[in-house]
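So the chains spell out like this:
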Amino acid sequence: MSVLGNAVAQFAQTNLAGQVGNGECWTLAERALQSAGARTSTEIMGHIGPDDNYVWGTAITSANLEAGDIIQFRNYTFRFDASDGAWRTESRPHHTAIVMSVDTSGTVEVYECNVNNSKNVQQNRLYLRTGAMSGGSVTVSGQMWFYRPQARPTT
């Protein structure tokens, strides 16, 4: 894990169960990058709007994800069908999350806020791809972009 990524993940971990700023997902990522000394979405993109697909650093693939990377979601939904017949579904229409950890089965633990009726930072499991999983199967739809934090240029 990169030094910047470690600092981004540590910021989220330190704020777990608390509210960062206004409790929006964008605010968590922006403040985590600021705290780590990384370029923020506003530094990368200039003016941003509330419905933009934010850019959080250097684009990477899901295969290269590590702690401290940032995922931008658009119309993301997963449905987990358990082998016992139970199921659950979750959506992230326009959302940003910080990666905590990734496993090889296509699941990712993230720090996020403004989900599940809470503006507090929480840790949740999300799915990156459709397929069979331990205990059932998952169907994933929507778009995801993956970013590695960039260092601020020295002046």
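Placed above this text is the structure.
Parameters at a glance
Residues numbered from 1 in each chain as written. Predicted model: local features only at pLDDT ≥ 70, side-chain atom pairs only at ≥ 80, totals over all residues. Heavy atoms only, no water. Buried < 20%, exposed > 50% of the residue type's maximum accessible area, 1.4 Å probe, protein only. Helix = DSSP H or I, 4+ residues; strand = E, 2+ residues; numbered from the N terminus. Pairing = 2+ DSSP bridges. Axes fitted to C-alpha atoms, helices over the stretch in contact; angles between N-to-C directions. Parallel < 35°, antiparallel > 145°, perpendicular 65-115°, else oblique. Left-handed = near helix turned anticlockwise from the far one by under 90°. Contact = heavy atoms within 4.5 Å. Polar contact = N/O pair within 3.5 Å; in protein donor to acceptor, adjacent residues only side chain to side chain. Disulfide = S-S within 2.5 Å.

Draft legend 1. Spatial organisation of the pairing of strand β4 (residues 107-112). The buried fraction of β4 amounts to six of the six residues, a majority that puts the element mostly inside the structure. Here β4 shows two buried faces, one formed by T107, E109 and Y111 and the other by V108, V110 and E112. Of the pairings in the sheet, the one linking strand β3 (residues 87-102) to β4 comprises four bridges and is antiparallel in character. Looking across to β4, one finds that S101 is bridged to E109.

Draft legend 2. Fine view of the packing of helix α1 (residues 3-14) against helix α2 (residues 25-36). α2 packs onto α1 with a crossing angle of 130° between their chain directions and a minimal axis gap of 8 Å. Judged by the angle between their axes, α1 and α2 are oblique. The way α1 lies across α2 gives a crossing that is right-handed. Between α1 and α2, the residues in contact are L4, A7, V8 and F11 and L28, R31, A32, L33, S35 and A36, respectively.

Draft legend 3. View of the side chain of T96. As for its position among the elements, T96 is in strand β3. Residue T96 is classed as buried on the basis of its relative accessible area, which comes to 2%. Polar side-chain contacts of T96 include one of 2.7 Å to the side chain of Q72.

Draft legend 4. Focus on the state of the cysteines. Inspection of the entire model under this criterion finds zero disulfides. Unpaired in this structure, C25 has its nearest cysteine sulfur neighbour in C113, at a distance of 6.3 Å. Of the residues examined, C113 reaches a relative accessible area of 0% and is grouped as buried.

None of the figures reported here should be taken as evidence of function without further support.
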